[in-house]
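This is what each chain is made of:
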Amino acid sequence: MPELDSLDRLLTTAFAGKVVRKDLLHQIKGGENVPSYVLEYLLGRYCASDDPEEIRLGIEAVKNTLRSNYFRHDEANKAQSLVEQRGSHRFIDRVEVRFVPSESKYWAAMDNFSYSRIHVNERFYRQYDRLLEGGVWAMVDLEYRGDGEDGAKGSPFHVAELRPIQLARFDFEEFCGGRHGFTTDQWMDVLLRSAGLEPARMERRLKLLLLCRFVPFVEKNFNFIELGPRGTGKSYVFCEMSPYCILISGGKASSANLFYNNARRQVGLVGHWDVVAFDEVGGMKVQDPDVVQIMKDYMANGRFSRGITQVLADASLAFVGNLNQSVETLVQNASTDLFQPLPKEFDLALIDRLHFYLPGWEVPKNSKDILTTHYGFVTDYLAEAFRALRKEDRFDTIERYFRFGSHVEGRDATAVRKTVSGLLKILHPDGAFTKDELREYLELALEARRRVKEQLKKRGSFEFYKTSFSSIDLVDGVERSVGVPEQGGKGAISPDPLPPGTIYTAAIGDEGHVGLYRLEVTLTAGTGKLRTPAGLEHGLKESLNRAWSYLQSVKDRMGLTAALA
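Definitions and cut-offs
- Residues numbered from 1 in each chain as written.
- Predicted model: local features only at pLDDT ≥ 70, side-chain atom pairs only at ≥ 80, totals over all residues.
- Heavy atoms only, no water.
- Helix = DSSP H or I, 4+ residues; strand = E, 2+ residues; numbered from the N terminus.
- Buried < 20%, exposed > 50% of the residue type's maximum accessible area, 1.4 Å probe, protein only.
- Contact = heavy atoms within 4.5 Å.
- Areas by Shrake-Rupley, 256 points an atom, 1.4 Å probe, with all protein chains shown as cover.
- Lys, Arg positive; Asp, Glu negative; His and termini not counted.
- Charge placed at Lys NZ, Arg CZ, Asp CG, Glu CD.
- Pairing = 2+ DSSP bridges.
- Axes fitted to C-alpha atoms, helices over the stretch in contact; angles between N-to-C directions.
- Core = buried A, V, L, I, M, F, W, Y, C linked by side-chain atoms within 4.5 Å.
- Salt bridge = Lys/Arg side-chain N within 4 Å of Asp/Glu carboxyl O.
- Expected span 1.5 Å × (residues − 1).
- Polar contact = N/O pair within 3.5 Å; in protein donor to acceptor, adjacent residues only side chain to side chain.
- Left-handed = near helix turned anticlockwise from the far one by under 90°.
- Nonpolar A, V, L, I, M, F, W, Y, C, P; charged D, E, K, R; others polar.

(A) How the structure looks around the overall build of the chain. Regarding its fold elements, the chain presents 19 helices and 21 strands. With the C-alpha coordinates aligned to their principal axes, the bounding extent of the chain is approximately 120 × 60 × 45 Å. Considering the chain as a whole, with its 565 residues, one finds that 48% of them fall into the buried category. Taking the intrachain contacts of the chain between residues at least 6 apart in sequence as the baseline, contacts between residues at least 24 apart amount to 68%. A total accessible area of about 28200 Å² is found for the chain, and carbon and sulfur atoms account for 49% of it. Within the chain, the 78 negative side-chain charges are centred at a point lying 3 Å from the centre of the 74 positive side-chain charges.

Listed below in structure tokens is the structure:
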């Protein structure tokens with residue numbers, strides 16, 4: 001049993017009943033294909049103790065509960081038979097209630113039970129609104145009533161009792177009030193522990209990068225991409241951290257599935273989820289030519305047209321995938337770039353609509369060393385907080401303190417504003433932040449958007465040449481430029497005084513490319529005589545002789561007598 005640290009005690013006091021030990025989740029998760037928030041509900045019910053023996057017994061109770069009450073899709077017939085034989089049984093399943101106008105009646109449906117006409121009492125869907133808003137995971141007691149029994153008309157199955165596993169109600173003011181008791185560093189650590197990671201050995205930059213994975217959950221129509229090595233947990237956040245996100249593994253992408261089905265006149269995934277994430281984006285097959293065009297419209301404006309229908313949606317898009325070569329190779333090779341894994345259908349216009357490129361190569365591979373053994377938020381509680389934050393607007397916060405440099409315009413400015421807005425929502429839901437913190441988020445947002453722009457410029461398009469991103473402080477007027485670390489642009493020119501004989505200069509090549517050069521001139525002991533190499537042009541030779549004559553005339557005044565003797 002790991003010892004509680006000060007952050008554990010602070011968190012369990014401020015958010016009592018809304019936290020869980022994350023190492024217990026890892027312990028069970030490996031053997032059970034159940035959503036994290038379901039496991040965390042059971043852990044909170046059976047393992048609410050610090051005693052190792054009670055925790056051991058509690059874990060066994062969780063496993064026994066899952067064996068008895070959780071059924072897979074392919075066990076639906078068995079589950080229905082069980083209710084008929086026993087008269088009643090308790091299930092862990094996702095329940096949705098819908099109103100059927102033709103019958104003037106409400107029916108409940110259970111996913112794994114695979115039955116959509118289950119009698120449900122009015123008190124349940126009146127008490128728990130989310131039953132009518134897409135459904136909720138719950139502990140459900142079902143009863144079987146045969147022909148002739150009371151209320152058996154239309155279906156033999158009845159909901160006798162229902163207790164939501166997912167949060168039925170969320171108090172946003174309470175969440176913001178709890179945040180007041182934490183510093184920004186502490187809140188960062190809490191959020192990372194909630195994702196199952198231990199931040200103790202992480203640098204602040206890495207913490208911020210990992211937290212940027214949450215931005216699509218709190219910011220509407222945010223276009224996010226993370227490419228990097230395998231095994232860094234790129235897809236975990238989108239798979240396990242929210243019931244409002246869907247993760248699509250590499251495969252066929254159709255406009256009917258993603259955006260709009262003309263035949264059924266139904267909106268696709270972007271109309272039903274807060275985040276639509278594409279895993280292994282390099283394996284994505286775009287067979288429908290309309291997909292890319294519609295995706296470009298949607299990523300730019302949050303709307304698209306199909307026939308005479310115009311559809312508005314606010315789902316964020318996230319693309320995650322693997323880089324098959326080292327970052328150094330991709331950056332230095334003129335024929336490759338950091339978007340190398342993307343499908344060939346992803347053209348410059350689509351890539352230009354990406355708001356944030358997270359450098360996955362800076363994230364360490366998953367191992368026991370970076371998994372936390374401390375407390376974090378219950379996943380479903382944090383997901384509800386993120387969903388509530390989507391309704392907040394922090395888009396124009398930057399303008400109160402900074403303005404953009406001349407190269408940040410149009411889509412660049414929109415991308416940066418959205419990123420900063422998302423980080424402010426995640427780290428400062430109560431709206432209290434410092435100017436230095438805002439500057440830190442702004443510089444990270446500028447860097448991530450510049451990473452996108454640099455790759456577009458590398459692909460040879462002149463329209464993307466403006467990549468010298470900067471911000472200007474409205475108070476002192478100081479302009480700060482932001483580079484991308486992997487390209488060496490940041491810090492290429494040292495701020496320290498240069499040694500004698502050293503200078504930086506820029507030159508334009510024959511193809512119009514600008515190059516940065518460092519020239520160094522070193523002096524060694526000579527003979528005191530001028531020797532010019534053979535083959536010099538007459539004009540250059542004459543210039544050298546004139547310079548030599550000038551040095552001879554001023555050698556005493558410049559202290560060069562000994563060197564030119």
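(B) Spatial organisation of the sheet that holds strand β15 (residues 356–359). Pairing is parallel in the open sheet, where 5 strands are placed in the order β8-β11-β14-β7-β15. Each having just a single partner strand, β8 (245–248) and β15 make up the two edges of the open sheet. Between one strand axis and the next, the sheet turns through 15 degrees on average, direction left out of account. Packed onto the sheet, helix α13 (residues 289–301) meets β7 (223–228), β11 (275–278) and β14 (316–322) and runs at close to 120 degrees relative to β14.

(C) Spotlight on unusual backbone geometry. Backbone geometry at S104 places phi at a positive 50 degrees, although glycine is not the residue there. Residue S104 is classed as exposed on the basis of its relative accessible area of 59%. A positive phi angle is found at S114, which is not glycine, with a value near 55 degrees. Positionally, S114 belongs in the loop between β3 (105–110) and β4 (115–119).

(D) Expanded view of helix α9 (residues 204–211). The element α9 is extensively covered by neighbouring structure, given that 6 of its 8 residues are classed as buried. Taken together, the buried positions of α9 are occupied by L206, K207, L208, L209, L210 and L211.

(E) Summary view of the nonpolar core. Core analysis: the biggest nonpolar cluster contains 89 residues, and F15, I92, F214, F238, F377 and L427 have the highest contact counts within it. Ignoring anything within four residues of it in the chain, the contact list for F214 reads L191, A195, V237, M241, F386 and I426.

(F) Broad picture of the pattern of salt bridges. Applying the stated criterion to the full structure yields 44 salt bridges. Between R387 and D274 there is a salt bridge; the shortest N-O distance is 3.0 Å. In this pair, R387 sits in helix α16 (residues 379–389) while D274 sits in the loop between β10 (266–267) and β11, placing the two residues 113 residues apart along the sequence. On the basis of relative accessible area, D274 is assigned to the buried category, the value being 9%. Taken together, the shared-partner salt bridges in this structure form one network comprising R205, E362, E447, R451 and E486.

(G) Looking closely at helix α18 (residues 435–458). For α18, with 24 residues, the first-to-last C-alpha span of 34 Å sits near the 34 Å given by 1.5 Å per residue. Burial analysis of α18 places 18 of its 24 residues in the buried class, which makes it a mostly covered element.

(H) Region of the structure containing the sheet that holds strand β18 (residues 470–473). Read from one edge of the open sheet, 3 strands run β17-β18-β19, paired in antiparallel fashion. Only two strands of the sheet have a single partner each, and these edge strands are β17 (402–404) and β19 (479–481). On average, each strand axis in the sheet is inclined to that of its neighbour by 30 degrees, with strand direction left out of account. Taken together, the 3 bridges between β17 and β18 define a ladder with antiparallel strand orientation. Residue pairing across strands places R403 opposite I472, the latter belonging to β18. Along the sheet, α18 makes contact with β17, β18 and β19, crossing β17 at roughly 15 degrees.

(I) A look at the environment of E219. Within the fold, E219 resides in the loop between α10 (215–218) and β7. Between the C-alpha atoms of E219 and S249, which are 30 residues apart in sequence, the distance is 23 Å. A distance of 3.0 Å separates the side chain of E219 from the side chain of S421, its partner in a polar contact.

(J) Just the side chain of T372, in detail. Structurally, T372 can be placed in the loop between β15 and β16 (375–377). A distance of 2.7 Å separates a polar atom in the side chain of T372 from a polar atom in the side chain of E198. Engagement of the side chain of T372 in a polar contact is seen with the backbone nitrogen of H374, the distance being 3.1 Å. Once you skip the residues sitting within four places of it in the chain, T372 turns out to touch K22, D23, H26, R193, G196, L197 and E198.

(K) Region of the structure containing the packing of helix α2 (residues 22–29) against helix α3 (residues 36–46). Where α2 meets α3, the axes come as close as 10 Å, and the angle between the chain directions of the two elements is 115 degrees. Crossing geometry of α2 relative to α3 is assigned as right-handed. Residue-level contacts link K22, L24, L25, I28 and K29 of α2 to S36, L39, E40 and L43 of α3. Residues of the contact of α2 with α3, tallied by class, amount to 5 nonpolar, 1 polar and 3 charged.

(L) Fine view of the pairing of β14. A large share of β14 lies buried, amounting to 7 of its 7 residues. Neither face of β14 is left uncovered, since the one carrying S316, A318, V320 and N322 and the one carrying L317, F319 and G321 both have all their residues buried. Pairing geometry for β11 and β14, over 4 bridges, is parallel. Its bridge partner being in β14, V275 is matched across the sheet by S316.

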